[in-house]
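Descriptive analysis of the structure
Below are the chains, spelled out letter by letter.
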Amino acid sequence: MKINNIQPYDIVIFGAKGDLSCRKLIPALYNLEKKNLLCKNSRIIGIGRANWNQNKYTEIVLKSLNIFYKNTIDINIWNNFKEKLYFYKLDVTQTEKFFNLKNILLTSSNTKIYYFAVPPNKFNNICIGLGTIQYNKPPNKIIVEKPIGTSLQSSKNIHHTLNTYFKEDQIYRIDHYLGKETILNLLTLRFSNPIFYNIWNNKNIEYVKISVSETVGVENRWNYFDEIGQTRDMVQNHLLQILSLITMSIPKQLNSKNIKKKKIQVLKSLRKINTTNIYQNTIRGQYTSGVIDGKIVPAYIEEKGAKKNSDIETFVLIQANIDNEQWFGVPFYLKTGKRLDCKKTEIIIQLKNITHSVFNHHIKNDYQNQIKIRIEPNEGIEINFCNKKPDINSKYKLKNSILKFDYRDIIQDEIPDAYERLLFESMKNDQSLFVSKEEIETSWEWIDSIIHAWQSNKIKVQLYKAGTKGLNLRKNIS
Ligand SMILES: NC(=O)c1ccc[n+]([C@@H]2O[C@H](COP(=O)([O-])OP(=O)(O)OC[C@H]3O[C@@H](n4cnc5c(N)ncnc54)[C@H](OP(=O)(O)O)[C@@H]3O)[C@@H](O)[C@H]2O)c1
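An unreviewed UniProt entry lists the protein chain under the name Glucose-6-phosphate 1-dehydrogenase, with Buchnera aphidicola as the source organism. Quoted verbatim from the Pathway (unreviewed entry) field of UniProt, the annotation for the protein chain is "Carbohydrate degradation; pentose phosphate pathway; D-ribulose 5-phosphate from D-glucose 6-phosphate (oxidative stage): step 1/3." The Catalytic activity (unreviewed entry) comment attached to the protein chain in UniProt states, word for word, "D-glucose 6-phosphate + NADP(+) = 6-phospho-D-glucono-1,5-lactone + NADPH + H(+)".

Right under this line is the structure:
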């Protein structure tokens, strides 16, 4: 692949030893190298408190690739990649040490991309450090990871810190779901196909269900997770982002400003869930012991380091409603949980039946049109529709059929990874696939109200067995 207007960068990873860096960023950067999308003079500067030098860091990067890179490592690509690696030992809380970092940064005129792969309570330190050495100025930019706060107020505090040192067009807030090929395809699907575009409203759609199911538990993050819960960890960002892409109206142009404007409009139209409607519209759950993939797994409160009396939710199902003309009356079910029966992310669009159907007496729910968008695994789209059952005895017997589209059928290489795409977009100065401050704050406002209502109404978690589908709302939904 040829490089189009891509300049060399210094990609500075704060938190080079951490999980995010080793598992996601290094393989993504290697893939960019493989596709010839990192210029020759680019540098990758790992930063952390580890007592490493450049050789040790190179060794660690290779080890990370061996573990986390899905394909074979090519020796020629690796040789080019390793030439770009540098390491600098720095505790970001020691502002004066940033002057030594400056000595490394100034040896190249490359624009800097600072990746904040550290806990959010270190963002402030990095901003102060970079501000002190005056390396925070445009065109340098930063990439920050979710979670941006745990409430509206805390997200505002983080934004205030970032905005003190960086302008908005220098800040790239990642929600890696927005870099997934299938999520990106949502806008193409909706706005380039009349068969979808023309039915995308409350006249034709009965309900929408967005599910992100995990089979894993909290792994080694019990203490972190127990402060947060599934709603803040998954709904505030990933699920609300998917919801906004599914429901936003058509933008004037497909650019960052217009897309964000449309997404924010929808997020602002979300009906508030508060103490009066919390009971009907939400259910929060916590897993007990069960069996997943043939193995017994412990209950949430029996995981390593757990407190027995935790009331945090590992599962949540929320009925959201959008109070605008296009979507009024359509329920949106947002479901996500840990230790469920399978790992999958999917969107189900259930269509209404034809009001006057000549087949009415035959049609049951099983025969309703449904569009299923599989985000992972097996990325693709399925459409359920009715056919006549081939049968000599009956002229109009119905049969459910499925039209299937599978990404693997049209793509030879692997599907581009979300982090690889988002790093590349940041190099192109394109913020379309990143989340704005306003989107994050609007989402938090909606989530804060739910969490406040749970606390005020003393709504406790309901238990569900690990390895099952979780829980349903108190009223019946399919
Ligand atoms: N892991 C993921 O897949 C993922 C996904 C989405 C979002 N995130 C977010 O990304 C961030 C990093 O997550 P992670 O999972 O990689 O965490 P992690 O494994 O705990 O790594 C955090 C890194 O921060 C560094 N760090 C902490 N204090 C520091 C200091 N004073 N000076 C310099 N470095 C310091 C640590 O460096 P040393 O210990 O080496 O000094 C460590 O390498 C978090 O905000 C997380 O919420 C992670």
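1. Some points on empty space enclosed by the protein
Enumeration according to the criterion identifies 1 cavity of 30 Å³ or more in this entry. Taken as a whole, the largest cavity holds about 90 Å³ of empty space. In terms of lining residues, the largest cavity is bounded by Lys146, Ile148, Ile174, Asp175, Gln236, Asn237, Gln241, Val435, Glu439, Ile440 and Ser443. Looking at the lining of the largest cavity, the elements with two or more residues in it are helix H9 (222–247) and helix H13 (437–456). Partitioned by chemical class, the residues of the lining of the largest cavity number 4 nonpolar, 4 polar and 3 charged.

2. Considerations on the sheet that holds strand E1 (residues 9–14)
Reading across from one edge, E3-E2-E1-E4-E5-E6 is the order of the 6 strands in this open sheet, with parallel pairing throughout. This sheet does not close on itself; its edge strands, each paired only once, are strand E3 (85–89) and strand E6 (171–174). Taken pair by pair, the neighbouring strands of this sheet meet at an average axis angle of 20°, ignoring direction. Of the strand pairs in this sheet, E1 and strand E4 (residues 111–116) are connected by 6 bridges, and their pairing is parallel. By the bridge assignment for E4, Phe14 is matched with Phe116. Sitting on the sheet, helix H4 (residues 98–105) touches E1, strand E2 (43–48), E3 and E4, and the angle it makes with E2 is about 170°. Against the sheet, helix H12 (residues 418–427) touches E1, E4, strand E5 (141–145) and E6, its axis set at about 155° to E5.

3. Some thoughts on the side chain of Lys338
Within the secondary structure, Lys338 sits in the loop between strand E12 (331–337) and strand E13 (344–351). For Lys338, a relative accessible area of 2% puts it in the buried group. Here Glu214 takes part through its side chain, which lies 2.9 Å from a polar atom of the side chain of Lys338. Lys338 has contacts with Glu214, Val216, Gly217, Val218, Arg221, Phe225, Gln230, Asp233, Tyr287, Thr314 and Tyr464, leaving out every residue within four places of it along the chain.

4. Overview of H13
With 20 residues, H13 extends 28 Å between its outermost C-alpha atoms, agreeing within 8% with the 28 Å of an ideal straight helix rising 1.5 Å per residue. Just past H13, the residue Lys458 takes up positive phi, approximately 50°.

5. A few points about the pairing of strand E8 (residues 282–288)
Burial analysis of E8 places 6 of its 7 residues in the buried class, which makes it a mostly covered element. Pairing analysis gives 4 bridges linking E8 to strand E11 (residues 315–321), with the strands arranged antiparallel. Bridge pairing in E11 places Ile283 opposite Leu317. Relative to strand E17 (residues 462–465), E8 runs parallel, the two being bridged by 4 bridges.

6. With respect to the nonpolar core
Grouped together as the largest cluster of nonpolar side chains are 80 residues, with contacts concentrated most on Phe14, Phe116, Ile347 and Trp446. The residues that make up this core include at least three from each of domain 1 (9–145) and domain 2 (178–415 + 436–465). Leaving out residues up to four positions away in the same chain, Phe116 has contacts with Phe14, Phe123, Ile126, Cys127, Ile142, Ile143, Val144, Glu145 and Leu162. Counting residues in hydrophobic clusters, the runner-up holds 41 residues, among them Leu25, Phe87, Ile174 and Met427.

Reading guide: rules and limits
Residues numbered from 1 in each chain as written. Predicted model: local features only at pLDDT ≥ 70, side-chain atom pairs only at ≥ 80, totals over all residues. Heavy atoms only, no water. UniProt positions renumbered as here; feature names shortened; annotations may be inferred. 1 Å grid on protein atoms, 1.4 Å probe; cavity = no way out; pocket = protein on both sides within 12 Å on 5 of 7 lines; lining within 4 Å. Points joined across faces, edges and corners; volume = space filled by probe spheres on them. Helix = DSSP H or I, 4+ residues; strand = E, 2+ residues; numbered from the N terminus. Nonpolar A, V, L, I, M, F, W, Y, C, P; charged D, E, K, R; others polar. Pairing = 2+ DSSP bridges. Axes fitted to C-alpha atoms, helices over the stretch in contact; angles between N-to-C directions. Contact = heavy atoms within 4.5 Å. Buried < 20%, exposed > 50% of the residue type's maximum accessible area, 1.4 Å probe, protein only. Polar contact = N/O pair within 3.5 Å; in protein donor to acceptor, adjacent residues only side chain to side chain. Expected span 1.5 Å × (residues − 1). Core = buried A, V, L, I, M, F, W, Y, C linked by side-chain atoms within 4.5 Å. Domains from an automatic or database assignment.

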